[in-house]
Amino acid sequence: MLADRFSLDAWTGRIDPEPDSPRWHQRIQPLAEAREPGLALLGFACDEGVRRNHGRVGAAGGPLALRKALANLAWHREAPAFDAGDVICEDGDLAAAQARLARGVCTLLEAGHLPLVLGGGHEVAFGSWSGLAEHFAGRKTAPKIGIVNFDAHFDLRDPAHVQSSGTPFAQIAEQCQARGWPFHYACLGVSRASNTRALFSRAAELNVLVREDHEMREAGLAAIAAELEAFLADCDALYLTIDIDVLPACEAPGVSAPAARGVPLALLEPLLEGLKRSGKLRLVDFAELNPNHDIDNRTAKAAARLIHLLSL
């Protein structure tokens, strides 16, 4: 059992009379029925990290909202997709929930699936990465895992004070150091107004590839894509994490910390397509969807479109 809770109730939607017109809700299968590898959705219904980081709670409802937004989208995949259920955190024990998520992610990877984790606050990242690390553990050479994070925030706060949605990549850096692995992190869409000088200094110390939100313009996309390609050139695997608050508040109002500027969906999509073409994508997660503050499901729909793009 990978998850604490499982239901297919969210997978409902329109059924078209024309032939060859399936939608996600008609093709998604329970993981228990998997006979071949595919895309595996695993929810992380948790916002304990957001609460600790003084954000707007509600991201625990993200996995359900994302499934509902995906359900009615047109199906264009050739390979199957599976629902593995949700890991939940209702008792405030964030570390235990992250450990359960890690076991689930590792199990999916061992079975040959591409795990796509539906958060939840960005504390999901430490659980996701831990599962990937467990998958690579025991190899003779240290793996080089490229972490690409589209986010308005570095999430590099010092975890010695409190572990939260603001600390996952600092926790990952510590784990890499303890294992003797390189820490290879890129954060794109960073808002200087939302990150202190201390966080920019920590990013510099860790040699993080940084692109601020104002740098991500259509005229510079080719250069950024080339930069990401070079970043991944000597990586064994890519872990892609998308904090939905990287989008402008007008496109994604339903997040834990809305962005005053952000990076529009139209600029994110070509960069994601390039990362997918790298052939190194092993793990994806989405974080910070807060349906309590969404407007007309606008945020859930934007995130579902990105999931749909990555699934093709």
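(A) Main features of the packing of aromatic side chains. Taken as a whole and judged by the stated rule, the model has five aromatic pairs. Considering the side-chain rings of Phe-154 and Phe-200, the 4.9 Å spacing of their centres and the 85° angle between planes classify their relative orientation as edge-to-face. Pair noted here: Phe-154 is in the loop between strand S5 (145-150) and helix H6 (168-179) and Phe-200 is in helix H7 (residues 197-205), with a separation of 46 residues, a long-range link. For Phe-154, a relative accessible area of 0% corresponds to the buried category. Taking the centre distance of 4.7 Å and the plane angle of 15° together, the rings of Phe-169 and Tyr-185 count as stacked.

(B) Representation of empty space enclosed by the protein within the structure. In total, this model carries one cavity of 30 Å³ or more according to the counting rule given. By volume, the largest cavity is sized at about 30 Å³. Around the largest cavity sit Trp-129, Pro-143, Ile-145, Ile-147, Cys-176, Trp-181, Pro-182, Phe-183 and His-184, which together line it. Residue composition of the lining of the largest cavity, by class: eight nonpolar, one polar and no charged.

(C) Geometry of the sheet that holds strand S2 (residues 39-45). With parallel pairing, the nine strands of this open sheet are ordered in space as S1-S3-S2-S4-S9-S8-S5-S6-S7. Of all the strands in the sheet, the pair left with one neighbour each is strand S1 (29-30) and strand S7 (209-212). As paired elements, S5 and strand S6 (residues 184-190) share five bridges and run parallel to each other. Residue pairing for S6: Asn-149 is matched across the bridge by Cys-187. Contacts between helix H9 (residues 265-277) and the sheet are confined to S5 and strand S8 (237-243), with S5 contributing the most and set at about 170° to the helix.

(D) Geometry of the pattern of salt bridges. Taken as a whole, this structure holds 12 salt bridges when the rule is applied. Between Arg-23 and Asp-16 there is a salt bridge, with the nearest N and O atoms lying 2.7 Å from each other. By relative accessible area, which is 14% here, Asp-16 ends up buried. Where Arg-67 meets Asp-86, a salt bridge forms, and the shortest distance between an N and an O atom there is 2.9 Å. Of the two residues, Arg-67 is situated in helix H3 (residues 62-71) and Asp-86 in strand S3 (residues 81-88); the sequence distance between them amounts to 19 residues. Accessibility assignment for this pair places Arg-67 and Asp-86 in one class, buried. Salt bridges sharing partners connect three or more residues here, namely Arg-5, Arg-67, Asp-83 and Asp-86.

(E) Geometry of the side chain of Lys-280. Summarising the element assignment, Lys-280 is placed in the loop between H9 and strand S9 (281-287). Here Lys-280 occupies a buried position and makes no salt bridge, while the nearest side chain of opposite charge, Asp-234, is found at 6.6 Å. Apart from the residues lying within four places of it in its own chain, the contact partners of Lys-280 are Leu-232, Ala-233, Asp-234, Cys-235, Ala-237 and Leu-238.

(F) Geometry of the layout of surface pockets. Estimates place the volume of the largest pocket at around 300 Å³. Lining the largest pocket are 16 residues, with Gly-38, Gly-112, His-113, Leu-114 and Leu-281 positioned closest to its centre. Residue assignment for the lining of the largest pocket shows that the elements contributing at least two residues are S9 and helix H10 (298-311). Counted by class, the lining of the largest pocket contains seven nonpolar, five polar and four charged residues.

(G) View of the pairing of S7. Direction of pairing for S6 relative to S7: parallel, over a ladder of four bridges. By the bridge assignment, Leu-188 is partnered in S7 with Arg-211. With H7 bridging S6 and the parallel S7, this β-α-β connection has right-handed handedness.

(H) Spatial organisation of helix H4 (residues 94-110). Its 17 residues give H4 an end-to-end C-alpha distance of 24 Å, which sits within 8% of 24 Å, the value for a rise of 1.5 Å per residue. Along H4, the positions that sit buried rather than exposed are Leu-94, Ala-97, Gln-98, Leu-101, Ala-102, Gly-104, Val-105, Cys-106, Leu-108 and Leu-109. Residues of H4 that are buried make contact with S2, helix H2 (48-52), S3, strand S4 (114-119), helix H5 (124-136) and S9. Immediately beyond the C-terminal end of H4, within one or two residues, lies Gly-112, with a positive phi of roughly 90°.

(I) Up close: the side chain of Ser-256. Tracing the backbone through its elements, the reader meets Ser-256 in the loop between S8 and H9. Residue class for Ser-256 comes out buried when judged on its relative accessible area of 7%.

(J) Seen up close, the packing of H5 against H6. Between H5 and H6, the least distance of the axes is 9 Å, while the angle of their chain directions is 25°. It follows that H5 is roughly parallel to H6 by the angle criterion. Crossing hand, H5 versus H6: right-handed. Only Pro-168, Phe-169, Gln-171, Ile-172, Gln-175, Cys-176 and Arg-179 of H6 make contact with H5, whose side of the interface consists of Ala-125, Phe-126, Trp-129 and Ala-133. Looking at side-chain class alone, the contact of H5 with H6 contains eight nonpolar, two polar and one charged residues.

Parameters and conventions
Residues numbered from 1 in each chain as written. Predicted model: local features only at pLDDT ≥ 70, side-chain atom pairs only at ≥ 80, totals over all residues. Heavy atoms only, no water. Phe/Tyr/Trp six-rings, centres within 6.5 Å; stacked < 30°, edge-to-face > 60°. Helix = DSSP H or I, 4+ residues; strand = E, 2+ residues; numbered from the N terminus. Buried < 20%, exposed > 50% of the residue type's maximum accessible area, 1.4 Å probe, protein only. 1 Å grid on protein atoms, 1.4 Å probe; cavity = no way out; pocket = protein on both sides within 12 Å on 5 of 7 lines; lining within 4 Å. Points joined across faces, edges and corners; volume = space filled by probe spheres on them. Nonpolar A, V, L, I, M, F, W, Y, C, P; charged D, E, K, R; others polar. Pairing = 2+ DSSP bridges. Contact = heavy atoms within 4.5 Å. Axes fitted to C-alpha atoms, helices over the stretch in contact; angles between N-to-C directions. Salt bridge = Lys/Arg side-chain N within 4 Å of Asp/Glu carboxyl O. Lys, Arg positive; Asp, Glu negative; His and termini not counted. Right-handed = clockwise from strand over helix to strand, strands pointing away. Expected span 1.5 Å × (residues − 1). Parallel < 35°, antiparallel > 145°, perpendicular 65-115°, else oblique. Left-handed = near helix turned anticlockwise from the far one by under 90°.

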